[in-house]
Amino acid sequence: MVTNGQQDENPAHAAARVKMQAKKVAVFYGEAQALHDVDLDIREHTVTALIGPSGCGKSTFLRCLNRMNDVIDICRVEGRIMLDGEDINTPSLDTVHLRARVGMVFQKPNPFPKTIYDNVAYGPRIHGMTSGKSELDEVVETSLERAGLWKEVRDRLDEPGTGLSGGQQQRLCIARSIAVNPEVILMDEPCSALDPIATARIEELIDELRTNFTIVIVTHSMQQAARVSQRTGFFHLGELVEVGNTDQIFTNPDDQRTQDYITGRFG
Amino acid sequence: MSGEPDYAARLRRRHRSEMRFRFYGLLSIALAGVILVVLIGSIVLKGYSAFWQTHVRLDFAISAEQVDIDNLRETNWGGLVKATLRDMAPGVTGRRDKRKLYQFVSPNAGYDLRDAIAADPGLLGTEFSLWVKASDDIDMLTKGHLDRTLPESDRRVSDLELGWYDRFVGEGRIELRFNLDFFTTADSREPEEAGIQGALMGSFLTLLVTLALSFPVGVMAAVYLEEFAPKNRWTDIIEANINNLAAVPSIVFGLLGLAVVISLFGVPRSAPLAGGIVLALMTLPTIIIASRAALKAVPPSIREAATGLGASPHQVVMHHVLPLAMPGILTGTIIGLAQALGESAPLLMIGMVAFIVDTPTGFTDPATVLPVQIYIWADSPERAFVEKTSAAIMVLLAFLACMNATAVWLRRKFERRW
Ligand SMILES: Nc1ncnc2c1ncn2[C@@H]1O[C@H](COP(=O)(O)OP(=O)(O)OP(=O)(O)O)[C@@H](O)[C@H]1O
Ligand SMILES: [Mg+2]
């Protein structure tokens, strides 16, 4: 439950402001179409979970939201994606700027082979967000703190980030992406490589981060989606079958396919 | 089901084949080791004596009148050496015998005398001795490469010379001394005067040009092809051609260098600049292929992480991919340079095989390189060049070892940054 005082409405029930909006998004890998006409609203300060069987296009959709698909040569995106009412595919919006606003955490922890400090400081450095060492130190500390890692690594900021455990590495990656102070954080199966305890920590963390960020998370675990998200979208064969409040999707889905999936009849 | 005995037999068979496999591996390593030891051993055995040189002590008593101290060039230094030799072996009269006597020491002995006087004019008017190099035949005699028991007509050293030699040895005038000159002089027609410095410097300058050209060009080409170039027919063609270039015989690059670098662009013949350009062309494919492999080996997750944080493609490459690939790139570069260091065929085409007595000091001076020097010496008839050849090979191997050590050091340095 939300414990933060400034959150006076429960976003699970009241419709918050729309942060990002996908309109008729279709994605092609070469000739093959991976996504068909996806319409999805992502609400501010809300955790939106994307679920669906493997290969249904969840990652593809997530990567559209900060144009990570640009780096794949054969990938072509159609339709419109809005961030605060502005089309992210307009030429005037630079991908560098977009990705500073819409950060990403990947399925496999992928810290840079640099020190813990440099991992977190990298984003602020390239975006010139801090002036001076002390300010950067502060950003690193608060980011690590928000990611729940500060206590564990405060004494060894100079050690390589790759030397941490898998769960710590994933929290380091989360710290690294919140150091840039994005508005939206995209997470692609962030817990798939982690044990239940590390998973629980990250889920807790996601719930806390919701206060300040808008979060979209892809997950294969129904329980995880139910635990951390307020809104859930169900993908199937490249289509967004259904989207709604998480409790409604899990208790009373509109579509038969959703029903089948969450009850484990396929996927 | 035949059951357990069958299974046990199969297991034993598997163990045996594993043992055999290991044994073959050990055998190959031992074979390679033996060959290496024999190779290096024979080179060292043949060549180590080149670092020593037979010297003859000459006693001089030169008055100030015999020398124009302000104009040392005008003095007949050779004549002074000859006079001393005549004193040392009295009773030599015939012209041919005299010439033999004069040839007992190196023809450059006069210059050694001049340098000694120039360094210390106080020697004039006093009696002093000077150790000068013996001629190559005498040197071979000292080192035991001449068979004294052969009949005189089959020997390079006549009975008369042997007589002088034995007397001088008795007088303590003959000594084997460390041949520092081998490292400080360039090639010479006289084996006792020939040194490796010219070729060493030539190789160094040539490789410097090669490195300066091929490393940046190779790395940039690899980075562009691997990170930025669209994957289409053109890049496929370029890639295929780079692979083809790596297989082109090196002499072809020599012909190209002759036609383009020298004839078209007017780079001086025999110069390290020309050699360096030709070797750079030869090395480029190696560096590009190695660099691309190193870039490919950088995990895509690192690229994604940086891109996801908003790094531009340029920043992704400069901050993450290139530093991570650097150890591999350096290894490839050193392999390419080591190849270039040992290359002689293309350099023969552009005139780096010339006989050059001055150590090159710049990129446009005529020069030769170590492998070509080895070839020149190996091709010379004098017995004394045999040991010089092996010594030059040792210097080449030492050069290579230094290069590899640098590569290892650089690799460590780059790896420690993370
Ligand atoms: N780089 C690519 N090139 C070609 N096809 C791709 C590429 N990435 C994904 N696809 C295809 O697009 C479809 C959707 O893939 P996507 O990775 O989005 O699935 P997903 O829902 O994330 O699956 P998972 O749950 O297994 O991660 C799949 O059919 C996949 O084969
Ligand atoms: Mg996926």
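These figures come from a predicted structure and were not determined experimentally.

J.: Explain the overall build of chain B residue by residue, including any values.
T.: Each helix and strand in chain B was counted, giving 16 helices and three strands. C-alpha extents for chain B along the principal axes are approximately 100 × 70 × 40 Å. When burial is assessed residue by residue, chain B has 43% of its 418 residues classed as buried. Long-range pairs, those at least 24 residues apart, make up 77% of the contacts in chain B with a sequence separation of at least 6. A total accessible area of about 22,100 Å² is found for chain B, and carbon and sulfur atoms account for 61% of it. Counting 40 positive and 42 negative side-chain charges, chain B places the centres of these two groups 11 Å from one another.

J.: Give me the interface of chain A and chain B: which residues, what numbers.
T.: Interfaces are often described in size by the accessible area the parts lose on coming together. Across the boundary between the two partners, chain A contributes 22 residues, which contact 17 residues of chain B. Approximately 1,700 Å² of surface area, both sides summed, lies buried where chain A meets chain B, with 67% of it carried by carbon and sulfur atoms. At the junction of chain A with chain B, the criterion picks out one salt bridge. The closest approach of N and O atoms between E304(B) and R63(A), which form a salt bridge, is 2.9 Å. Viewed at the interface, chain B and chain A are joined by five residue pairs in polar contact (both at pLDDT 80 or more). Residue assignment for the side of chain A that touches chain B shows that the elements contributing at least two residues are α2 (95-101), β6 (102-105), α3 (116-126) and α6 (166-178) of chain A. Looking at the side of chain A that touches chain B element by element, the count peaks at three residues for β6(A). When the residues that make up the side of chain A that touches chain B are grouped by side-chain class, the tally is twelve nonpolar, five polar and five charged.

J.: Could you give an account of empty space enclosed by the protein, naming the residues involved and the relevant values?
T.: If a probe the size of a water molecule is rolled over the atoms, the empty space left behind becomes visible. Across all of its chains, the model carries two cavities of 30 Å³ or more by this definition. The space that makes up the largest cavity amounts to roughly 40 Å³. Around the largest cavity, the lining residues are M104(A), F106(A), C173(A), R176(A), S177(A), A305(B), G308(B) and L309(B). Here the element with the most residues in the lining of the largest cavity is α6(A); it accounts for three residues. Partitioned by chemical class, the residues of the lining of the largest cavity number five nonpolar, two polar and one charged. Its boundaries defined by the atoms lining it, the second largest cavity holds a volume of some 30 Å³. Every residue along the wall of the second largest cavity is listed here: S203(B), T206(B), L207(B), L279(B), A340(B), L341(B), E343(B), L347(B) and V369(B).

J.: Kindly report on unusual backbone geometry, identifying the contributing residues and their values.
T.: Residue and element names in this part refer to chain A. Phi at R67 is positive, roughly 55 degrees, even though this residue is not glycine. Within the secondary structure, R67 sits in the loop between α1 (58-65) and β4 (75-83). R67 gets classed as buried once you look at its relative accessible area, which sits at 16%. With a phi close to 50 degrees, D84 is a non-glycine residue in the positive phi region. With respect to the secondary-structure elements, D84 resides in the loop between β4 and β5 (86-87).

J.: Break down a negative patch on the surface for me, citing the residues and quoting the values.
T.: Residue and element names in this part refer to chain A. Where like charges cluster on the molecular surface, the negative patch consists of D37, D39, D41 and E239. For the negative patch, the element with the highest residue contribution is strand β2 (residues 32-43), accounting for three residues. Tracing the backbone through its elements, the reader meets E239 in strand β10 (residues 239-245).

J.: Now, about the pairing of strand β3 (residues 47-51) of chain A: what can you tell me, with residues and values included?
T.: All names here are of chain A. Where burial is concerned, most of β3 is hidden: five out of the five residues are buried. Burial of the side chains of β3 extends over both faces: V47, A49 and I51 are buried on one face and T48 and L50 on the other. Sheet topology note: the β3/strand β8 (residues 214-218) ladder contains four bridges and is parallel. Residue A49 lies in a different strand from β8, and its bridge partner there is I217. Pairing of β3 with strand β9 (residues 231-236) involves four bridges; the strand directions are parallel. Within the sheet, the bridge partner assigned to L50 lies in β9 and is G233.

J.: Run through the sheet that holds strand β2 (residues 127-133) of chain B, naming residues and quoting values.
T.: All names here are of chain B. Strand order in the open sheet formed by three strands is β2-β1-β3, with antiparallel pairing between adjacent strands. The sheet is open, and its two edges are formed by β2 and β3 (174-178), each paired on a single side. Averaged over all neighbouring strand pairs, the angle between strand axes comes to 40 degrees, with direction disregarded. In this structure, strand β1 (residues 52-61) lies alongside β2, joined through seven bridges in antiparallel fashion. Looking at the pairing, A61 lines up with E127 of β2.

J.: Talk me through the layout of surface pockets; I want residue IDs and the actual numbers.
T.: Taken as a whole, the largest pocket encloses approximately 770 Å³ of empty space. At the level of elements, α2 of chain A together with α8 (197-228), α11 (272-296), α12 (300-308) and α13 (313-341) of chain B are the ones that each hand at least two residues to the lining of the largest pocket. Per-element tally for the lining of the largest pocket: the top contributor is α12(B), with four residues. A breakdown of the residues in the lining of the largest pocket according to their chemical character gives 14 nonpolar, three polar and eleven charged.

J.: For a positive patch on the surface, give the residues involved together with the corresponding values.
T.: On the surface, R10(B), R12(B), R13(B), R14(B), R16(B) and R20(B) cluster together to form a positively charged patch. Looking at the element boundaries, R12(B) is found in helix α1 (residues 4-47).

J.: Account for the site of ligand 1, naming residues and giving values.
T.: All names here are of chain A. Inspection of the region around ligand 1 gives 13 residues, with S54, G55, K58, S59 and T60 positioned closest. Here a nitrogen atom of ligand 1 and a side-chain polar atom of Y29 are 3.3 Å apart. Between an oxygen atom of ligand 1 and a side-chain N or O atom of S59, the distance comes to 2.6 Å. When the free accessible area of ligand 1 is taken as 630 Å², the share hidden by the protein chains comes to 61%. Tallying contributions element by element places α1 first for the shell around ligand 1, with three residues. Looking at side-chain class alone, the shell around ligand 1 contains five nonpolar, six polar and two charged residues.

The rules behind the values
- Residues numbered from 1 in each chain as written.
- Chains lettered and ligands numbered in written order.
- Predicted model: local features only at pLDDT ≥ 70, side-chain atom pairs only at ≥ 80, totals over all residues.
- Heavy atoms only, no water.
- Helix = DSSP H or I, 4+ residues; strand = E, 2+ residues; numbered from the N terminus.
- Buried < 20%, exposed > 50% of the residue type's maximum accessible area, 1.4 Å probe, protein only.
- Contact = heavy atoms within 4.5 Å.
- Areas by Shrake-Rupley, 256 points an atom, 1.4 Å probe, with all protein chains shown as cover.
- Lys, Arg positive; Asp, Glu negative; His and termini not counted.
- Charge placed at Lys NZ, Arg CZ, Asp CG, Glu CD.
- Buried area = accessible area lost by both parts, 1.4 Å probe.
- Salt bridge = Lys/Arg side-chain N within 4 Å of Asp/Glu carboxyl O.
- Polar contact = N/O pair within 3.5 Å; in protein donor to acceptor, adjacent residues only side chain to side chain.
- Nonpolar A, V, L, I, M, F, W, Y, C, P; charged D, E, K, R; others polar.
- 1 Å grid on protein atoms, 1.4 Å probe; cavity = no way out; pocket = protein on both sides within 12 Å on 5 of 7 lines; lining within 4 Å.
- Points joined across faces, edges and corners; volume = space filled by probe spheres on them.
- Patch = residues over 30% accessible without salt bridge, like charges linked within 9 Å, V, L, I, M, F, W, Y side chains within 5 Å.
- Pairing = 2+ DSSP bridges.
- Axes fitted to C-alpha atoms, helices over the stretch in contact; angles between N-to-C directions.
- Near = heavy atom within 4 Å.

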